[in-house]
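# Residue-level structural notes
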Amino acid sequence: MLKDEFNKEDTLKKELDQFQVIIPEQKLRQKQTSWQRFIHYLASPAKDPLEKATVTLTGLNLTRMVPLALGVGVSIIQLWIHI
């Protein structure tokens with residue numbers, strides 16, 4: 001279905017015909033050893049747990065203000081206990 005739609009548009013067909021894709025004949029993915037899987041696991045990027053909080057301006061302000069507020073709160077509690 002999708003190929004037919006590309007063939008109907010002449011300008012699009014000309015643009016797509018400019019590109020040539022070479023597909024290798026060998027297997028793209030060979031069976032990995034357990035060591036290779038372990039190394040791949042270690043090398044894979046980690047997800048940022050605070051990404052949702054730091055994307056928005058409000059979240060970014062909260063990630064800056066919460067540690068400051070906690071520090072001030074702990075300081076006040078320590079001063080209150082020693083008095």
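Residues numbered from 1 in each chain as written. Predicted model: local features only at pLDDT ≥ 70, side-chain atom pairs only at ≥ 80, totals over all residues. Heavy atoms only, no water.

For the rest of this paragraph, the subject is the overall build of the protein. Counting its regular elements, the protein contains five helices and zero strands. Secondary structure elements of the protein occur, N-terminal to C-terminal, as α-α-α-α-α. A buried classification covers 1% of the 83 residues belonging to the protein. Summed over its atoms, the accessible surface of the protein is roughly 9,000 Å², and 63% of this surface lies on carbon and sulfur atoms. (Helix = DSSP H or I, 4+ residues; strand = E, 2+ residues; numbered from the N terminus. Buried < 20%, exposed > 50% of the residue type's maximum accessible area, 1.4 Å probe, protein only. Areas by Shrake-Rupley, 256 points an atom, 1.4 Å probe, with all protein chains shown as cover.)

A grouping of Trp35, Phe38, Ile39, Tyr41 and Leu42 is seen on the molecular surface, where their side chains present a nonpolar patch of about 610 Å² in accessible area. Relative to the helices and strands, Leu42 is located in helix α3 (residues 34-43). Exposure remark for Leu42: the relative accessible area of 54% places this residue in the exposed category. (Patch = residues over 30% accessible without salt bridge, like charges linked within 9 Å, V, L, I, M, F, W, Y side chains within 5 Å. Salt bridge = Lys/Arg side-chain N within 4 Å of Asp/Glu carboxyl O.)

The next subject is the packing of aromatic side chains. Scanning all chains against the criterion turns up one aromatic pair. With a centroid separation of 5.9 Å and an interplanar angle of 40°, the aromatic rings of Trp35 and Phe38 are classed as tilted. Of this pair, Trp35 and Phe38 both sit in helix α3, separated by three residues, roughly a single helical turn. The exposure class of Trp35 is exposed, given its relative accessible area of 58%. (Phe/Tyr/Trp six-rings, centres within 6.5 Å; stacked < 30°, edge-to-face > 60°.)

To continue, consider the confidence of the model for the protein. Low pLDDT marks regions whose predicted coordinates should not be analysed in detail. Across the protein, pLDDT averages 82, with 87% of residues at or above 70. By mean pLDDT, helix α1 (residues 2-8) is the weakest element of the protein at 66, and α3 is the strongest at 90. (pLDDT = per-residue confidence, 0-100.)

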